[in-house]
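Results of the structural survey
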Amino acid sequence: MQKGIGVAGIAGRMGQLVAEEAKAAGLPVAGGIDRAGTQPPAGVTLRADIADLAATSDVVVEFTHASTVQAHARAIAAAGCAWVLGTTGLSPADEAAVAEAARHVAVVHAPNFSPGVNLVIALAEKMAAALPAESYDAEIVEMHHRQKVDAPSGTAVGMGRAVAKGRGVNLADVMESGRDGHTGARKTGAIGFAALRGGQVVGEHTLLFAAGTEHIALTHRAFDRRAFATGAIRAAQWVVGREPGLYSMMDVLGMA
Ligand code: NAD
């Protein structure tokens with residue numbers, strides 16, 4: 001790595017930790033961007049905009065807001081810089097913009113950079129393939145801090161996608177999120193989601209397979225969001241110099 005790591009969202013909870021973890025790993029922080037009026041950590045150069053940041057970095061590590069994704073995807077592809085994208089709550093159009101950028105540059109896009117969650121996602125797919133959808137109802141419950149703006153969490157959706165893949169279906173066709181009111185009986189094969197918000201919970205996810213005679217649950221609890229920052233730095237080191245393409249944290253961890 002020559003120019004270093006650029007951090008989009010440098011003043012945010014994740015951005016600050018990414019800058020700290022980059023320094024701890026001995027990697028230069030090439031600079032950062034954030035919204036006007038925010039305070040970047042001391043010692044980090046503020047860049048004018050995403051184009052400036054991408055031009056002065058080997059890789060941009062981004063934890064911002066879904067509304068930035070389409071413009072940032074275009075700027076990063078134009079600059080030819082690698083991209084580690086952790087922002088969640090992306091729309092299908094945002095996802096398409098990320099895929100388009102990945103035709104020009106190497107992109108790691110992951111809803112969760114913790115190795116433990118990625119292991120849970122791999123296990124979720126295997127369990128879903130082994131447990132018949134007619135008998136085992138899949139439900140995903142997640143809880144996060146009160147500041148989180150999107151629901152269900154990107155990690156919960158990632159777990160749901162893994163269950164759907166294991167069952168050979170599309171998540172969009174079977175997703176039941178945020179049930180309320182007279183919803184009728186549960187549909188066979190549905191994948192249910194419930195989101196709790198409160199306090200300062202860093203991230204808790206449980207995938208439950210509920211049958212008539214037994215329950216099987218996989219739970220992951222993150223106590224410190226530094227787990228995501230160290231994973232993102234690992235992804236940044238892995239992605240620099242790769243061929244253009246859309247990679248996942250499973251690729252980074254050698255679990256794909
Ligand atoms: P945060 O609100 O603390 O930080 C977001 C930062 O982005 C803020 O400083 C904000 O000012 C900045 N920002 C917003 N719009 C911007 C723009 N247009 N240009 C530049 N900066 C902009 O939030 P956070 O807890 O750090 O989370 C950020 C995102 O990362 C969320 O989508 C969250 O769900 C996601 N996240 C992902 C993972 C993962 O492992 N993939 C882990 C934690 C959080």
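Above this text is the structure in question.
Let me begin by describing the structure that accompanies this report.

Some words on helix H6 (residues 154–167)
For an α-helix, 3.6 residues make a turn, and residues three or four places apart therefore share a direction. Taking 1.5 Å per residue as the helical rise, H6 with its 14 residues ought to reach 20 Å, and the 20 Å between its terminal C-alpha atoms agrees with that figure. Here H6 lies mainly inside the structure; 11 of its 14 residues are buried. Along H6, the positions that sit buried rather than exposed are Gly154, Thr155, Ala156, Val157, Gly158, Met159, Gly160, Ala162, Val163, Ala164 and Arg167. Turning to H6, the residues buried within the fold contact helix H5 (115–130), strand S6 (137–144), helix H7 (171–174), strand S7 (175–177), strand S8 (191–197) and strand S9 (203–210).

Structural notes on the sheet that holds strand S4 (residues 82–85)
Remark on secondary structure: sheet strands pair via backbone hydrogen bonds, oriented parallel or antiparallel. Taken in spatial order, the six strands line up as S2-S1-S3-S4-S5-S11 in an open sheet, and their pairing is parallel. If you trace the sheet from one side to the other, it starts and ends with strand S2 (29–33) and strand S11 (245–247), each paired once. Neighbour-to-neighbour, the strand axes of the sheet open up by a mean angle of 20 degrees, direction not taken into account. Two elements, strand S1 (residues 5–8) and strand S3 (residues 59–62), share four bridges in a ladder whose sense is parallel. When the bridges of S3 are listed, Val7 appears paired with Val61.

Quick word on the environment of Val239
Tracing the backbone shows Val239 in helix H8 (residues 226–239). Residues Val239 and Thr87, spaced 152 residues apart in sequence, show a C-alpha to C-alpha distance of 17 Å.

A short note on the environment of Gly32
Along the chain, Gly32 falls in strand S2. On a C-alpha basis, the gap between Gly32 and Leu46 in space is 5.0 Å, while along the polypeptide they are 14 residues apart. Every residue in contact with Gly32, bar those within four places of it in the chain, is listed here: Val7, Ile10, Val44, Thr45, Leu46, Arg47 and Leu53.

Quick word on the site of the ligand
The environment of the ligand is formed by 20 residues, the closest being Arg13, Met14, Asp34, Arg35 and Thr88. At a separation of 3.1 Å, a nitrogen atom of the ligand approaches a polar backbone atom of Ala110. The separation between a nitrogen atom of the ligand and a polar main-chain atom of Asn112 is 3.5 Å. Protein chains shield 82% of the accessible area of the ligand, which is 860 Å² for the free molecule.

A word on the side chain of Thr68
Counting through the fold element by element, Thr68 comes out in the loop between S3 and helix H3 (69–79). Taking the relative accessible area as the measure of exposure, Thr68 reaches 19% and is therefore buried. Within the structure, Thr68 has its side chain in polar contact with the side chain of Glu62 (distance 3.1 Å).

Regarding the packing of H5 against H6
Interaxial distance between H5 and H6 falls to 7 Å at its minimum, and their mutual angle equals 30 degrees. In this view, H5 runs roughly parallel relative to H6, as classed from their interaxial angle. Once H5 is placed against H6, the crossing between them reads as right-handed. Counted together, Val117, Val120, Ile121, Ala124, Glu125, Ala128 and Ala129 of H5 and Thr155, Gly158, Met159, Ala162, Val163, Lys165, Gly166 and Arg167 of H6 form the full contact between these two elements.

Examining the nonpolar core
By size, the foremost hydrophobic cluster in this structure holds 33 residues, and its most contacted members are Ile5, Val61, Val84, Val108, Phe113 and Val239. When residues of this core are assigned to their parent elements, the largest contribution, eight residues, is made by H8. Val61 has contacts with Ile5, Gly6, Val7, Ala8, Val18, Val84, Ala232 and Ala236, leaving out every residue within four places of it along the chain. Membership of the second largest hydrophobic core comes to 25 residues, among which are Val120, Met127, Leu218 and Met250.

As for the sheet that holds S7
Read across the sheet, five strands follow the order S7-S8-S6-S9-S10 without closing on themselves; strand pairing throughout is mixed. For this open sheet the edge positions go to S7 and strand S10 (215–222), each flanked by a neighbour on one side alone. Across the sheet, the axes of successive neighbouring strands diverge by a mean angle of 15 degrees, strand direction being ignored. Relative to S8, S7 runs parallel, the two being bridged by three bridges. Opposite Glu176, over in S8, you have Gly192 as the bridge partner.

Rules and cut-offs
Residues numbered from 1 in each chain as written. Predicted model: local features only at pLDDT ≥ 70, side-chain atom pairs only at ≥ 80, totals over all residues. Heavy atoms only, no water. Helix = DSSP H or I, 4+ residues; strand = E, 2+ residues; numbered from the N terminus. Expected span 1.5 Å × (residues − 1). Buried < 20%, exposed > 50% of the residue type's maximum accessible area, 1.4 Å probe, protein only. Contact = heavy atoms within 4.5 Å. Pairing = 2+ DSSP bridges. Axes fitted to C-alpha atoms, helices over the stretch in contact; angles between N-to-C directions. Near = heavy atom within 4 Å. Polar contact = N/O pair within 3.5 Å; in protein donor to acceptor, adjacent residues only side chain to side chain. Areas by Shrake-Rupley, 256 points an atom, 1.4 Å probe, with all protein chains shown as cover. Parallel < 35°, antiparallel > 145°, perpendicular 65-115°, else oblique. Left-handed = near helix turned anticlockwise from the far one by under 90°. Core = buried A, V, L, I, M, F, W, Y, C linked by side-chain atoms within 4.5 Å.

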